[in-house]
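Letter by letter, the chains look like this.
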Amino acid sequence: MIDTGRFQYWTGDEDVPLSDGWWFRQQVAACTYTLPADGQFDRDLRWGVPTQASLQTPDGAELIHDDRLLSAALVVEAERHAQTGGWHTGQAHSQIVRGSDPWKQSPTR
């Protein structure tokens, strides 16, 4: 998705330390992956930011998380489902259930 230009991180602040775009770039840079020798790419690839990954920021040392990467992955997965028609949703109907007035029901007011 990123290589094709269909996913772009929207902030435009990648060069501003501690900004949302900057943290996204840090998470991308810290992301690693493993694929077992006999594994299949689409089934067995494991990726993420190692739990001990950290970097020096203007506020001192901070851990690098993977929350922005996971959000991007969810966008990619939603796009894949939308493109393949594999996004199945059900139907729901909303209904308002009117409550009763407890003062009108009370015989001893």
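Here goes a summary of the coordinates provided.

**Section: the pairing of strand β3 (residues 54–57)**
Then, in step 1: With burial as the criterion, only one face of β3 is covered, namely that bearing Leu55 and Thr57; the residues Ser54 and Gln56 on the opposite face remain uncovered.
Then, in step 2: Between β3 and strand β4 (residues 60–63), which pair antiparallel and follow one another directly, the connecting turn spans two residues.

**A short note on the nonpolar core**
Then, in step 1: Judged by nonpolar contacts, Phe7, Tyr9, Trp22, Trp23, Phe24, Ala30, Val49, Ala53, Leu55, Ile64, Leu69 and Ala72 together constitute the single largest core of 12 residues.
Then, in step 2: If you list the elements that add at least two residues to this core, you get α1 (20–30) and α3 (67–84).
Then, in step 3: Here this core takes four residues from α1, the largest share from any one element.
Then, in step 4: Those residues in contact with Ala72 that sit more than four places away from it in its chain are Phe7 and Phe24.

**What about a nonpolar patch on the surface?**
Then, in step 1: Nonpolar side chains collect at one region of the surface, where Tyr33, Leu35, Phe41, Trp47 and Leu70 lie side by side and expose about 570 Å² of accessible area between them.
Then, in step 2: Tracing the backbone shows Leu35 in the loop between β1 (32–34) and α2 (41–44).
Then, in step 3: A relative accessible area of 36% means that Leu35 is categorised as partly exposed.

**Notes on the layout of surface pockets**
Then, in step 1: Here the largest pocket defines a volume of roughly 800 Å³.
Then, in step 2: Contributing to the lining of the largest pocket are 20 residues, with Phe41, Leu45, Trp47, Ala73 and Val76 lying nearest its centre.
Then, in step 3: Here the lining of the largest pocket gets six residues from one element, more than from any other, and that element is α3.
Then, in step 4: The residue inventory of the lining of the largest pocket, partitioned by class, reads 14 nonpolar, one polar and five charged.

**Looking at unusual backbone geometry**
Then, in step 1: Unlike most non-glycine residues, Leu18 shows phi in positive territory, near 75 degrees.
Then, in step 2: Following the sequence through the fold, Leu18 ends up in the segment before α1.
Then, in step 3: Given a relative accessible area of 29%, Leu18 falls into the partly exposed group.

**Quick look at the pattern of salt bridges**
Then, in step 1: Taken as a whole and judged by the stated rule, the model has four salt bridges.
Then, in step 2: Between Asp20 and Arg68 there is a salt bridge, with the nearest N and O atoms lying 2.5 Å from each other. A residue pair is termed long-range when its members are at least 10 positions apart, and Asp20 in helix α1 and Arg68 in helix α3 qualify at 48 residues.
Then, in step 3: Overlapping salt bridges, with partners in common, bring together Asp20, Asp67 and Arg68 in one network.

Thresholds applied
- Per-chain numbering applies: the sequence of each chain, read as written, is numbered from 1 onward.
- Owing to the predicted nature of the model, reporting of local features is limited to residues with pLDDT of at least 70; listing and counting of side-chain atom pairs is limited to 80 or more, with chain, interface and lining totals taken over all residues.
- Side-chain figures throughout are based on the complete set of non-hydrogen atoms in the structure, without hydrogens or water.
- Note on classification: 1.4 Å probe, protein chains only; a residue is buried when its accessible area is under 20% of the maximum for its type, exposed when over 50%, partly exposed between these limits.
- Helix and strand definitions here come from DSSP, where helices need a minimum of 4 consecutive H or I residues and strands a minimum of 2 consecutive E residues; each element is numbered from the N-terminal end.
- In this description, strands pair whenever DSSP reports at least two bridges between them.
- What is meant by a nonpolar core is a set of buried Ala, Val, Leu, Ile, Met, Phe, Trp, Tyr and Cys residues, joined one to another through side-chain atoms within 4.5 Å.
- Only heavy atoms enter the contact rule, under which two residues are in contact if any of them lie within 4.5 Å.
- Patch membership is restricted to residues that have no salt bridge and whose relative accessible area is over 30%. Joining uses 9 Å for like charges and 5 Å for the nonpolar side chains Val, Leu, Ile, Met, Phe, Trp and Tyr.
- A 1.4 Å probe and the Shrake-Rupley method give the accessible areas. Residues count as covered only by the protein chains that appear here.
- Basic side-chain nitrogens of Lys or Arg form a salt bridge, by our definition, when they fall within 4 Å of a carboxyl oxygen of Asp or Glu.
- Think of a 1 Å grid over just the protein atoms. A cavity is a set of points where a 1.4 Å probe fits yet cannot get out, a pocket is an open set with protein on both sides within 12 Å along at least five of seven lines, and lining residues have an atom within 4 Å of a point.
- Grid points are joined across faces, edges and corners, and a volume is the space filled by probe spheres set on the points.
- Basically, the charged four are Asp, Glu, Lys and Arg, the nonpolar ten are Ala, Val, Leu, Ile, Met, Phe, Trp, Tyr, Cys and Pro, and anything else, Gly included, counts as polar.

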